[in-house]
There are 2 protein chains.
Amino acid sequence: MAVPAEHPADAPVSDAALRALVGYNMKRAMGVIQADLARTLDPFGLRMLTFSALSLIVENPGLRPSRLAAALSVERANVVVYVDQLEQAGWVSRAPSTRDRRAHALQATLAGRRVYARARAAVADHDRRMMNGLRAEQVAALRTALQRIEGAG
Amino acid sequence: MAVPAEHPADAPVSDAALRALVGYNMKRAMGVIQADLARTLDPFGLRMLTFSALSLIVENPGLRPSRLAAALSVERANVVVYVDQLEQAGWVSRAPSTRDRRAHALQATLAGRRVYARARAAVADHDRRMMNGLRAEQVAALRTALQRIEGAG
């Protein structure tokens, strides 16, 4: 049988082979979450990775960029970009490390801690909104499954 | 109390605030899956998005790039890049659309269908490997949760 030359414009596009993969379903769910997170963070002048970096700097005062990069599992060069953006916004300051003069210790400024507190509340609302279709025990099972998958890597 | 100037080098970096978010746990699990998927696809000369595009073209012969972009939820400009790569590898061909001369209908070549069949089997193994720490009912619950989250978007 010859392959049809053109997929019918009114036929649905089948992604059954991809849907069989749990990873593909996770990628699609993640896309929905990231789009909503971007809308949530935009009014604060933050994006997913600058928010995550600010969170770790607030929680771990004096953190060095190399450890921030490791904690976020991102390249050191990318972390420098996020830290630059946070510094330009006046939310993070760098001080020379007392242990290593070539390194810097990162601190959130008062303005940084304030914007983080507001953004964190908005992100917590976003996270609950994303889980609206799930019962509490389903959310708990989801957390367990995600942590097992991460731990298997 | 003064903020310490420097985070202790031997202290763990706390990400408790981020871990409270289901979305952050999903991002971390997704990172592990994507790294393993990249290693799985590399021997075939494929990456996550070229594999996904090839899958949809094999499953939907004659697909137009605009519908491929919509099915993958990626920008049309990005899909053109993936299709170019698949075409250069000799796995996909473009024919002028019979309905619209400015558009193209995408077809997998014989070589494209062959590499896809092998890559698909390797990706199915990768997906099962990622779920190794979960029982079958936990994987089923994970699928349901991910599809609910995607549907809520």
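Residues numbered from 1 in each chain as written. Chains lettered and ligands numbered in written order. Predicted model: local features only at pLDDT ≥ 70, side-chain atom pairs only at ≥ 80, totals over all residues. Heavy atoms only, no water.

1. Points about the nonpolar core
Soluble globular proteins tend to bury their nonpolar side chains together.
Here is step 1 of the chain: Counting residues in each nonpolar core, the largest one holds 32 residues, and the members touching the most others are L46, F51, L56, L68 and L86 of chain B.
Here is step 2 of the chain: Setting aside anything within four residues of it in sequence, one finds L68 of chain B in contact with A53, L56, I57, L63, V79, V83 and L106 of chain B. (Core = buried A, V, L, I, M, F, W, Y, C linked by side-chain atoms within 4.5 Å. Buried < 20%, exposed > 50% of the residue type's maximum accessible area, 1.4 Å probe, protein only. Contact = heavy atoms within 4.5 Å.)

2. Brief notes about the side chain of S55 of chain B
Here is step 1 of the chain: By the element assignment, S55 of chain B lies in helix α3 (residues 48-59).
Here is step 2 of the chain: Of the residues examined, S55 of chain B reaches a relative accessible area of 0% and is grouped as buried.
Here is step 3 of the chain: Residues contacting S55 of chain B, with those up to four places away along its chain left out, are A17 and L18 of chain A together with Y116 of chain B. (Helix = DSSP H or I, 4+ residues; strand = E, 2+ residues; numbered from the N terminus.)

3. Let's talk about the interface of chain A and chain B
Here is step 1 of the chain: Across the boundary between the two partners, chain A contributes 70 residues, which contact 70 residues of chain B.
Here is step 2 of the chain: Between chain A and chain B, the buried area comes to about 6400 Å², and carbon and sulfur atoms account for 60% of it.
Here is step 3 of the chain: Of all residues in chain A, E6, V22 and E150 of chain A bury the most surface against chain B, accounting for 11% of the area lost on that side.
Here is step 4 of the chain: Note that R19 of chain A and E150 of chain B form a salt bridge whose closest N and O atoms lie 2.9 Å from each other.
Here is step 5 of the chain: Of the residues forming the side of chain A that touches chain B, the biggest block, 12 residues, is contributed by helix α2 (residues 22-41) of chain A.
Here is step 6 of the chain: Here the residues of the side of chain A that touches chain B are counted per class, giving 39 nonpolar, 17 polar and 14 charged. (Buried area = accessible area lost by both parts, 1.4 Å probe. Salt bridge = Lys/Arg side-chain N within 4 Å of Asp/Glu carboxyl O. Nonpolar A, V, L, I, M, F, W, Y, C, P; charged D, E, K, R; others polar.)

4. Concerning helix α5 (residues 76-88) of chain B
Here is step 1 of the chain: Taking 1.5 Å of rise per residue, 13 residues should cover 18 Å, and α5 of chain B covers 18 Å from first to last C-alpha, within 8% of that figure.
Here is step 2 of the chain: Where α5 of chain B is buried, its residues meet α3, α4 (65-72), β1 (92-96) and β2 (104-108) of chain B. (Expected span 1.5 Å × (residues − 1).)

5. Details of the packing of α2 of chain A against helix α6 (residues 110-130) of chain A
Residue and element names in this part refer to chain A.
Here is step 1 of the chain: Relative orientation of the contacting elements α2 and α6 amounts to 150°, with a least axis distance of 10 Å. Here α2 lies roughly antiparallel to α6, going by the angle between them. Along this stretch, α2 crosses α6, giving a crossing that reads as right-handed. In this structure, α2 contributes V32, I33, D36, L37, T40 and L41 to the contact, and α6 contributes A119, A122, V123, H126, R129 and M130. (Axes fitted to C-alpha atoms, helices over the stretch in contact; angles between N-to-C directions. Parallel < 35°, antiparallel > 145°, perpendicular 65-115°, else oblique. Left-handed = near helix turned anticlockwise from the far one by under 90°.)

6. Focus on the side chain of Q138 of chain B
Here is step 1 of the chain: Take Q138 of chain B: it is sitting in helix α7 (residues 136-151).
Here is step 2 of the chain: A residue is classified by how much of its surface remains accessible, and Q138 of chain B, at 18% relative accessible area, is buried.
Here is step 3 of the chain: Once residues within four sequence positions are removed from consideration, Q138 of chain B is found in contact with R148 of chain A together with G133 of chain B.

7. Looking at the relation of the copies chain A and chain B
Here is step 1 of the chain: Superposing chain A onto chain B takes a rotation of 180° plus a shift of 0.0 Å along the axis, which leaves an RMSD of 0.0 Å. The symmetry that links the two subunits is that of a two-fold axis. In terms of proximity to the rotation axis, the leading residue of chain A is L142 of chain A, whose C-alpha is 3.0 Å off the axis.
Here is step 2 of the chain: The overlap is high: 100% of the interface residues of chain A also sit at the interface in chain B, so the same surface is used on both sides. (Least-squares fit on C-alpha atoms with pLDDT ≥ 70 in both.)

8. A closer look at the pattern of salt bridges
Here is step 1 of the chain: Throughout the structure, instances matching the rule amount to 18 salt bridges over all chains.
Here is step 2 of the chain: Here R135 of chain B and E137 of chain B are joined by a salt bridge, their closest N and O atoms 2.9 Å apart.
Here is step 3 of the chain: Counted as one network, the salt bridges with shared partners bring together D15, R19 and R28 of chain A together with E150 of chain B.

9. Considering the packing of aromatic side chains
All names here are of chain A.
Here is step 1 of the chain: Here the structure, examined in full by the defined rule, presents 2 aromatic pairs over all chains.
Here is step 2 of the chain: On the numbers, 5.8 Å between centres and 35° between planes, the contact of F51 with Y116 is tilted. Of the two residues, F51 is situated in helix α3 (residues 48-59) and Y116 in helix α6; the sequence distance between them amounts to 65 residues. In terms of burial, F51 and Y116 fall into one category: buried. (Phe/Tyr/Trp six-rings, centres within 6.5 Å; stacked < 30°, edge-to-face > 60°.)

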